[in-house]
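Observations on the model geometry
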Amino acid sequence: MAEIKYPYLPEGKTIKYVAGTNPCMIIAREIAQRYSLDRIMPGGAIIVRDGRILGRGANGSDHHEKHGCERVRLKCKTGEGYELCEGCHPKNHSEPRAINNAKDRGNDTRGADLYLWGHWWCCRWCWEAMIEAGIKNVYLMEQSEVLFNKDHPDNIVGRQFA
């Protein structure tokens, strides 16, 4: 596999990949399809340890529908300015929502794996949340750097569930 140039990756961290047919990735996709409020880049995450789902989360909010996106207005680059827009704020990302869901359910996330469907990288805020929560491995779907990258000509953005 060719080296992927992520917009952000903490030193010493890696991203692992699984097929879209992986049972955990199928569930993350279902979470995105069912619960994400982001119509352009729906995402879903699950946190798993020992075959048990500890937490789930989907991204988005209804802010963009009501108010538009401040990041779009300001022409922010990928990964920048999330804190400038309520709809893009990291609290609305799949990863922290899955972590919070796990904690709300009384589950310890240390040593668990996170499966993320619908994105090709994780932002700095999400990495910080995952590191603090003790997430061991982050898994994305194979070919996500093509499928979910708005800048790649072969992406499926806007038709993820078609």
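Scroll up to find the structure this text is about.
All values derive from a computational prediction rather than experimental measurement.

Below, the discussion takes up the environment of Gln 143. Take Gln 143: it is sitting in the loop between β5 (137-141) and α6 (144-147). The exposure class of Gln 143 is partly exposed, given its relative accessible area of 44%. When the C-alpha atoms of Gln 143 and Tyr 17 are compared, they prove to be 8.5 Å apart, with 126 residues separating the residues in sequence.

What follows deals with the layout of surface pockets. Of the voids in this model, the largest pocket is the one considered here, and its volume is about 820 Å³. Along the wall of the largest pocket there are 36 residues; nearest its centre are Asp 38, Met 41, Arg 71, Tyr 82 and Lys 150. Contributing elements (two or more residues each) for the lining of the largest pocket: α2 (63-67), α3 (70-73) and α4 (94-104). Class assignment for the residues of the lining of the largest pocket results in 15 nonpolar, 12 polar and nine charged.

A word on the nonpolar core. If you look at the biggest cluster of nonpolar residues, it comprises 28 residues, and the most contacted ones within it are Tyr 6, Ile 47, Leu 114, Met 130 and Ile 135. Put simply, the parts of the chain that give this core at least two residues each are β2 (44-49), α4, β4 (113-117), α5 (124-133) and β5. For this core, the element with the highest residue contribution is α5, accounting for four residues. Beyond its immediate chain neighbours, meaning those up to four positions away, Ile 135 contacts Ile 47, Thr 109, Ala 112, Asp 113, Leu 114 and Met 130. In terms of nonpolar packing, the next biggest core, distinct from the first, is built from 17 residues, Ala 28, Met 41, Tyr 115 and Phe 148 among them.

Procedures and definitions
- Residues numbered from 1 in each chain as written.
- Predicted model: local features only at pLDDT ≥ 70, side-chain atom pairs only at ≥ 80, totals over all residues.
- Heavy atoms only, no water.
- Helix = DSSP H or I, 4+ residues; strand = E, 2+ residues; numbered from the N terminus.
- Buried < 20%, exposed > 50% of the residue type's maximum accessible area, 1.4 Å probe, protein only.
- 1 Å grid on protein atoms, 1.4 Å probe; cavity = no way out; pocket = protein on both sides within 12 Å on 5 of 7 lines; lining within 4 Å.
- Points joined across faces, edges and corners; volume = space filled by probe spheres on them.
- Nonpolar A, V, L, I, M, F, W, Y, C, P; charged D, E, K, R; others polar.
- Core = buried A, V, L, I, M, F, W, Y, C linked by side-chain atoms within 4.5 Å.
- Contact = heavy atoms within 4.5 Å.

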